[in-house]
Amino acid sequence: MSKRIFLTIVLVVLAAVMVAPTLAQEPVTINWFVGLGGGTSDQQLEAQAQVVEDFNASHPEINLVLSVAPTFETAIDTLSTLIAAGTPPDVIGPVGVGGSNRYEWLDLSELMEANSYDLSGFDPALVDLYATNNGGFSAIPFGVFPSVIYYNRGLFDEAGLNYPPQEFGAPYVMPDGSEVAWDYDTLAEIAKILTVDGNGADATSADFDPDNIVQFGLNFQFARMRLMWSDLQPETTYYDAETNTVAVPESWTQATEWLQERIWTDHSIPSTSYAVSEAIGAGSENVFNAGKVGMAVAPLWYTCCIGDSVDNFEWDMAVVPASFDGEQHVALDADTFRIPVGSAHPEEAFVVLQYLLNEAVPVLAPTYGAFPARAEYQQGWIDSNSARYDWDVNWQVAVDSLGYANPSAAHHESNLPNWSQVYDREFSLQTELFGDSGADLDVAAAIEAFQTDVQTIVETTSN
């Protein structure tokens, strides 16, 4: 029997059990639902099964049951059915911020207070990621992925450039020895020097040929539009829930213009055509992994995706530049576990949640590729990746970046009505900007049209 068929059968059986009325029993059964954000690979299934076995052995009063949806689409359909029937699972995850936007989650503040839950093991900035408008908490941190700069040491050496700063607040040292602020203006200048054509001219030269680029200076690797906006300048005013209105901040128009200039004037960021080419992106848009870009701004999960660097080139990490406001901000992806509103056993579910966020971390984090939010478990992740990338990467950059994480209101996946359709509209703007006609894009008009469309999406959903 194939894995997909087996998982589907298990899912259907468990879903039927969860929908049907249950009789009071001991121990209390807690259903852990997986499928909204990973957890379905063979290795992850094995690790999760081990966690269930270990938990049940040490908690005789609770029977933890694992339910796995084999695909994201199946997870959405099944979970929506269970919630509509009033029989949601008790614990859901791993799930990211964006994946959480479809559902309502239990405010954990009362359970945290009742259990004297200790938050001292987390950087306060990570806790703020899950703070709600009413002073509660929708979740507790598990795996975190701060944005960092991955840079190709060899390409910097060839260009005669100093490496970017690895400490927040440190300046960048230019080739002439002068020190300048490490901000996005400096990043743009360094990216031009690192962008080279087939004749060896860089993008600062009058002889540079933008139609024959063989190496780019910068990429926002695998980033969606709102993540790039939040890298350049995080904002809290995009959506006002009280008035149900959308307003694209002026800084995001500025950020779009900044990106357009890098792509089409400096030519230091690859357009889509370059990114998907075999010569630059190896047909996958993974240009940093192909060794064809000097710097990539990306969340820490990207460490999983640069295995081709081994035996080909050495990379390291640097801190992201100061944003447009001159302050240090770090966009951060995050996965965790949540208790949905409507769980029949929230107290027992919180016992499971505490276990997943602590004792289970050494088992789950490596298989999820998750950098642990709890400081005590981070060294294990570092040791594992140091063995894979064995050229003395400065992992402390990732640790230090956590303290600058954007809060929930400024997160690049913060919720608004019909989030998925808004997300798609953001991507259509990105497609215009990076597409072949992006040089001629009227940014102001495009942003105005985008805001109008998103407002319509939000109003249609809320009515």
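Visitor: Please clarify how the overall build of the protein should be interpreted in this entry.
Guide: Counting its secondary structure elements, the protein contains 17 helices and 14 strands. For the protein, the spread of C-alpha atoms along the three principal axes comes to 80 × 50 × 45 Å. Within the protein, the fraction of its 463 residues that count as buried is 53%. In the protein, the share of contacts with a sequence separation of at least 24, taken over all contacts with a separation of at least 6, comes to 75%. Entry remark: accessible area of the protein is about 19,500 Å², with carbon and sulfur atoms responsible for 49%. Mean positive and mean negative side-chain charge positions of the protein (13 and 65 charges, respectively) differ by 6 Å.

Visitor: Just to check I follow, could you spell out the environment of Leu353 for this structure?
Guide: Relative to the elements of secondary structure, Leu353 occurs in helix α12 (residues 346–356). By relative accessible area, Leu353 is classed as buried at 0%. On a C-alpha basis, the gap between Leu353 and Ala139 in space is 9.6 Å, while along the polypeptide they are 214 residues apart. Sequence-distant contacts of Leu353, defined by excluding residues within four places in its chain, comprise Val91, Leu108, Phe337, Arg338 and Ile339.

Visitor: Would you mind going over the packing of aromatic side chains with me for this structure?
Guide: The way to describe two aromatic rings as a pair is by their centre distance and the angle between their planes. Following the criterion strictly, the structure yields 31 aromatic pairs and no others. Relative to Tyr302, the ring of Phe222 has its centre 6.0 Å away and its plane inclined at 75°; by these criteria the two rings are edge-to-face. Here Tyr302 lies in the loop between β11 (293–299) and β12 (315–318) and Phe222 lies in the loop between β8 (213–220) and α8 (225–232), a separation of 80 residues in the sequence. With relative accessibility at 39%, the residue Phe222 sits in the partly exposed group. Measuring from centroid to centroid gives 4.9 Å for Phe371 and Trp381, while their planes differ by 70°, and the two rings are edge-to-face.

Visitor: I'm lost on the pattern of salt bridges in this one. Help?
Guide: Scanning the model with the defined rule gives 5 salt bridges in all. In this structure, Arg262 and Asp266 form a salt bridge, with 2.7 Å as the shortest nitrogen-oxygen distance. On the criterion of helical spacing, the pair formed by Arg262 and Asp266 is a turn pair, its members being 4 residues apart in helix α9 (residues 250–266). Comparing Arg262 with Asp266 shows no difference in burial state: the two are buried. Note that Asp453 is salt-bridged to Arg425, the shortest N-O span being 2.8 Å. Taken as a pair, Asp453 in helix α17 (residues 443–462) and Arg425 in helix α16 (residues 419–434) lie far apart in primary sequence, 28 residues in all. Residues participating in the shared-partner salt-bridge network are Arg153, Glu314 and Asp316.

Visitor: What am I meant to see in the layout of surface pockets here?
Guide: It is the rolling of a water-molecule-sized probe over the atoms that shows where space remains empty. The volume enclosed by the largest pocket comes to roughly 1,100 Å³. Ala131, Thr132, Asn133, Ser414 and Asn415 are the residues nearest the centre of the largest pocket, which is lined by 37 residues in total. Elements with a contribution of two residues or more to the lining of the largest pocket: α8 and β9 (239–240). Grouping the constituent residues of the lining of the largest pocket by class yields 14 nonpolar, 14 polar and 9 charged. Leu36, Gly37, Gly96, Asp335 and Glu413 are the residues nearest the centre of the second largest pocket, which is lined by 28 residues in total. Only β3 (91–96), β13 (332–338) and α16 provide two or more residues apiece to the lining of the second largest pocket. Looking at which element gives the most residues to the lining of the second largest pocket, the answer is α16, with 4 residues.

Conventions used here
- Residue positions are given per chain, counted from 1 along the sequence in the order it is written.
- pLDDT decides what is reported in this predicted model: residues at 70 or higher carry local features, side-chain atom pairs at 80 or more are listed and counted, and totals for whole chains, interfaces and linings draw on all residues regardless.
- No hydrogens and no water enter the side-chain calculation; it runs on all heavy atoms of the structure.
- Secondary structure is summarised from DSSP: a helix means a run of H or I of at least four residues, a strand means a run of E of at least two, and numbering begins at the N terminus for each.
- Partly exposed residues are those whose accessible area sits between 20% and 50% of the maximum for their type, while under 20% is buried and over 50% is exposed, using a 1.4 Å probe and protein chains only.
- Whether two residues are in contact is decided by their heavy atoms: any pair within 4.5 Å suffices.
- Computed with a 1.4 Å probe, the accessible areas rest on the Shrake-Rupley method; for each residue, only the protein chains presented here act as cover.
- Charge counting treats Lys and Arg as positive and Asp and Glu as negative, with His and both chain ends excluded.
- To locate a charge, take NZ of a lysine, CZ of an arginine, CG of an aspartate or CD of a glutamate.
- Here a pair means two rings of Phe, Tyr or Trp (six-membered ring of Trp) with centres within 6.5 Å. Their orientation is stacked below 30 degrees between planes, edge-to-face above 60, and tilted elsewhere.
- Only one rule defines a salt bridge in this text: a Lys or Arg side-chain nitrogen within 4 Å of an Asp or Glu carboxyl oxygen.
- We place a 1 Å grid over just the protein atoms. Points where a 1.4 Å probe fits but has no way out form a cavity, open points with protein on both sides within 12 Å along at least 5 of 7 lines form a pocket, and any residue with an atom within 4 Å of a point lines it.
- Grid points are joined across faces, edges and corners, and a volume is the space filled by probe spheres set on the points.
- Only Asp, Glu, Lys and Arg are considered charged, only Ala, Val, Leu, Ile, Met, Phe, Trp, Tyr, Cys and Pro nonpolar, and every remaining residue, Gly among them, polar.

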